[in-house]
Amino acid sequence: EPEVTQTPSHQVTQMGQEVILRCVPISNHLYFYWYRQILGQKVEFLVSFYNNEISEKSEIFDDQFSVERPDGSNFTLKIRSTKLEDSAMYFCASSEEGMIRSIQYFGAGTRLSVL
Amino acid sequence: AQSVTQLDSHVSVSEGTPVLLRCNYSSSYSPSLFWYVQHPNKGLQLLLKYTSAATLVKGINGFEAEFKKSETSFHLTKPSAHMSDAAEYFCVVSDLWGGGADGLTFGKGTHLIIQP
């Protein structure tokens, strides 16, 4: 069964450093998403991406965040200068369609620890 | 704005007994509702979804959920728990007018524990 894969599974970084979280969506999907879950809190929507541009973003997704689809398979989330409060589990998801009733398929997540 | 409340952070049942995971939602329009499950070190897996068709929705692994508009609930049930059901369960809503566009709104999750 096709699945969304995320690497690395755990990333440790120093405060102020840049990190790139990587995702390989399901191959025929056209819509891509990032979510995060701070320990003990809800999974929160960050951004959706379609046709090589951001289609929607939450208030969490400020200027220190960026997303990119550098080639035909990868979808990345970059955090430019990490803060302690960026420590969280980051989930990538993809879907065939962008309608509210489409199913989003999730990866296993990348746990980011900012020291 | 849409929101989801999962009423129990932890639920513990014995193997072979029924499971009930409770979820209430708030939505300004006709919502789509989902239950996702997360096993340790695995991705979020879709159990079932409601998208304005039949109010009783059957999912994978024997789970089902009933959409009750009058109660704004979408509780997840299973007649007989199995040890492999131990996991974190998320109730999720998607609303055309939710403001997050394609973004899903998650509940905090319910940790299901199965006692042998």
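Residues numbered from 1 in each chain as written. Chains lettered and ligands numbered in written order. Predicted model: local features only at pLDDT ≥ 70, side-chain atom pairs only at ≥ 80, totals over all residues. Heavy atoms only, no water.

Peer 1: Just to check I follow, could you spell out the overall build of chain A for this structure?
Peer 2: The secondary structure content of chain A amounts to zero helices and eleven strands. Put simply, chain A runs from its N terminus to its C terminus through helices and strands in the order β-β-β-β-β-β-β-β-β-β-β. Here chain A has a C-alpha radius of gyration of 13 Å; the compact-globule value for 115 residues is 13 Å, and the two agree. C-alpha atoms of chain A, sized along the principal axes, occupy 35 × 30 × 30 Å. Within the span of chain A, comprising 115 residues, buried residues form 47% of the whole. (Helix = DSSP H or I, 4+ residues; strand = E, 2+ residues; numbered from the N terminus. Rg over C-alpha atoms; globule rule 2.2 N^0.38 Å. Buried < 20%, exposed > 50% of the residue type's maximum accessible area, 1.4 Å probe, protein only.)

Peer 1: Would you take a moment to explain the environment of L76 of chain B for this structure?
Peer 2: Residue and element names in this part refer to chain B. Mapped onto the secondary structure, L76 falls in strand 9 (residues 73-78). Separated by 40 residues in sequence, L76 and Y36 place their C-alpha atoms 10 Å apart. When neighbours within four sequence positions are excluded, L76 is seen to be in contact with V19, L20, L21, W35, L47, L48, F63, E64, A65 and Y89. (Contact = heavy atoms within 4.5 Å.)

Peer 1: Where do I start with the nonpolar core in this structure?
Peer 2: Side chains of nonpolar character tend, in soluble globular proteins, to be buried together. By size, the foremost hydrophobic cluster in this structure holds 26 residues, and its most contacted members are W35, L48, F74, L76 and Y89 of chain B. Counting residues per element, this core draws most heavily on strand 10 (residues 87-95) of chain B, at four residues. In this view, Y89 of chain B contacts Q6, L21, W35, Y36, V37, L47, F63, L76, G109, T110 and L112 of chain B; residues no more than four positions away in its chain are not counted. Core analysis: the second largest hydrophobic core is formed by 23 residues, V19, I26, W34 and I79 of chain A among them. (Core = buried A, V, L, I, M, F, W, Y, C linked by side-chain atoms within 4.5 Å.)

Peer 1: Help me understand the interface of chain B and chain A in this model?
Peer 2: You'll often see interface size given as the accessible area lost when the parts meet. Across the boundary between the two partners, chain B contributes 27 residues, which contact 21 residues of chain A. For the pairing of chain B and chain A, the buried interface totals around 2,000 Å² over both sides, and the portion due to carbon and sulfur atoms is 56%. Our count for the chain B to chain A interface comes out at zero salt bridges. Connecting chain B to chain A are four residue pairs in polar contact (both at pLDDT 80 or more). Those elements that place two or more of their residues in the side of chain B that touches chain A are strand 5 (31-38), strand 6 (44-50) and strand 10 of chain B. With four residues, the top contributor of residues to the side of chain B that touches chain A is strand 5 of chain B. Residues of the side of chain B that touches chain A, tallied by class, amount to ten nonpolar, twelve polar and five charged. (Buried area = accessible area lost by both parts, 1.4 Å probe. Salt bridge = Lys/Arg side-chain N within 4 Å of Asp/Glu carboxyl O. Polar contact = N/O pair within 3.5 Å; in protein donor to acceptor, adjacent residues only side chain to side chain. Nonpolar A, V, L, I, M, F, W, Y, C, P; charged D, E, K, R; others polar.)

Structural measurements only, silent on function.
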